[in-house]
Amino acid sequence: MKIGLVGFSSSGKSTAFKWLTGVAPDPSKTQQGQMGVTKVPDVRLDAISAHFKPKKTTFGEINFLDTPGLLVDERKDNPRRLGILRESAGLVIVLDGFGRSDLVAQLRKFREEILFADLEIIMNRIDKLRQQMKKPKPQKERDAEEAENTLLARIVAGLEAGAGAAAQGLTEDEEKAVRSFQLLTLKPEQVLVSRGDAEAVQAKLPEELLALSKSAIQAAPQLELELEELPEEDRAAFMADMGFKGSDRHDVIRKIFYGTGRIVFFTVGEDECRSWPLMRGATAVEGAGEIHTDLAKRFVRAEVVSHDDFKACGYLMKEAKAKGVHRLEGKTYIVQDGDIMHIL
């Protein structure tokens, strides 16, 4: 699962990347982007593993992509910089919360940039499509081109009015039709305000910002990195002097994971207990495909029990069956966060 870390230059984006992944930013990779991997902590998997004592416990992962910072006053190159993000599954928008910049203005400005980048992609496609439409062809192909042109024209009108593709009420079929464009405004986003000091990170986020992004979170990555370098006793004393409780890195990672539209399901056993990241709203057969494509191809049904029910049964499948909380689900079942699944 690839998540893009994005923001304007000097927003604290690369510092957040280092704090979240433990990977030091490489200046030689500034323009093409740099990858760093971090595990998604989950106390439910910890408890499951404590019961099953498997040979291996595997947590879900996020592949963070640190991207080139956008230029504030020069829009021309920003679509290229944003192009690196098109294959990502979601965006973490890092806002500069340690300077004097207006957080709301930053977020609005960033959203304008991705609107502009998507508009450029779609307009290029419309130009090519309209050239193709002038050529003679079978009626079926002509109808398909006209339908695509109508859809793209509608999306363009929305983008020009300031509405991203995700806010335009596209149907599932329409989203599939434009999936190849990898529109940035269709990707789930999580706002992360990068703070510079203890006092700021413990203050409430502005209501106007939360109105634009209700799931927005804040942390102090640079301060956290500096604290990590101190001996434990010195760190505790320093934090006490500042009145700083710290930013829970694991909590921030989980919020980014869920904020960008993901859930997890679990597979359990003596060999391995594992959490599998999955897009919210995905079906059981899509979950099977995350484990192995062959499982999706020959999918018959899935044995499912929710984590909470499984926990209440002492993590005993026999007990879950006896209490009637274990069930069989078909291909169209929508996987819920925390489901334990066995694919048949």
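Overview of the structure. (Residues numbered from 1 in each chain as written. Predicted model: local features only at pLDDT ≥ 70, side-chain atom pairs only at ≥ 80, totals over all residues. Heavy atoms only, no water.)

### Things to note about the overall build of the protein chain
Argument step 1. In terms of helices and strands, the protein chain carries 15 helices and 12 strands.
Argument step 2. Taken along its principal axes, the extent of the C-alpha atoms in the protein chain is 65 × 55 × 40 Å.
Argument step 3. Taken over 344 residues, the protein chain has a buried fraction of 45%.
Argument step 4. Looking at the protein chain alone, contacts between residues at least 24 apart form 68% of all its contacts between residues at least 6 apart.
Argument step 5. With the model as given, the accessible surface of the protein chain reaches about 17900 Å², and the carbon-plus-sulfur share is 50%.
Argument step 6. Side chains of the protein chain give 50 positive and 54 negative charges; the mean places of these two sets differ by 5 Å. (Helix = DSSP H or I, 4+ residues; strand = E, 2+ residues; numbered from the N terminus. Buried < 20%, exposed > 50% of the residue type's maximum accessible area, 1.4 Å probe, protein only. Contact = heavy atoms within 4.5 Å. Areas by Shrake-Rupley, 256 points an atom, 1.4 Å probe, with all protein chains shown as cover. Lys, Arg positive; Asp, Glu negative; His and termini not counted. Charge placed at Lys NZ, Arg CZ, Asp CG, Glu CD.)

### Some points on the environment of glycine 196
Argument step 1. Along the chain, glycine 196 turns up in the loop between strand 6 (189-194) and helix 7 (198-201).
Argument step 2. The spatial distance from the C-alpha of glycine 196 to the C-alpha of lysine 318 is 52 Å, given a sequence separation of 122 residues.

### Examining the side chain of threonine 21
Argument step 1. Structurally, threonine 21 can be placed in helix 1 (residues 13-21).
Argument step 2. Of the polar contacts made by the side chain of threonine 21, one reaches the backbone nitrogen of valine 23; its length is 3.1 Å.
Argument step 3. Setting aside anything within four residues of it in sequence, one finds threonine 21 in contact with Gly36, Val37, Thr38 and Phe64. (Polar contact = N/O pair within 3.5 Å; in protein donor to acceptor, adjacent residues only side chain to side chain.)

### Focus on the packing of aromatic side chains
Argument step 1. Evaluation of the coordinates by the stated rule reveals five aromatic pairs.
Argument step 2. The interplanar angle of 85° and the centroid separation of 6.5 Å between the aromatic rings of phenylalanine 8 and phenylalanine 110 together place this pair among those described as edge-to-face. Residue phenylalanine 8 is found in the loop between strand 1 (2-6) and helix 1, and its partner phenylalanine 110 is found in helix 4 (residues 103-132); the two are separated by 102 residues along the sequence. The exposure classification of phenylalanine 8 matches that of phenylalanine 110, with both residues buried.
Argument step 3. Judged by centre distance (6.4 Å) and plane angle (15°), the ring pair of phenylalanine 265 and tryptophan 276 falls under stacked. In this pair, phenylalanine 265 sits in strand 8 (residues 262-267) while tryptophan 276 sits in strand 9 (residues 272-279), placing the two residues 11 residues apart along the sequence. The two residues phenylalanine 265 and tryptophan 276 agree in class, both being buried.
Argument step 4. Chaining the aromatic ring pairs together yields one cluster made of Phe52, Phe310 and Tyr315.
Argument step 5. Over the ring of tryptophan 276 we find arginine 274; its NZ or CZ atom is 3.9 Å from the centre of that ring. (Phe/Tyr/Trp six-rings, centres within 6.5 Å; stacked < 30°, edge-to-face > 60°. Lys NZ or Arg CZ within 6 Å of the ring centre and 35° of its normal.)

### Let's talk about the sheet that holds strand 6
Argument step 1. Sheet architecture is open: six strands sit in the order 2-4-1-5-6-7, paired in mixed fashion. Only two strands of the sheet have a single neighbouring strand rather than two, namely strand 2 (34-39) and strand 7 (217-219). Going across the sheet, the axis of each strand differs from the next one's by a mean of 30°, ignoring polarity.
Argument step 2. As defined by bridge partners, strand 5 (residues 90-96) adjoins strand 6 across six bridges and the pair is classed as parallel. By the bridge assignment, isoleucine 93 is partnered in strand 6 with valine 191. (Pairing = 2+ DSSP bridges. Axes fitted to C-alpha atoms, helices over the stretch in contact; angles between N-to-C directions.)

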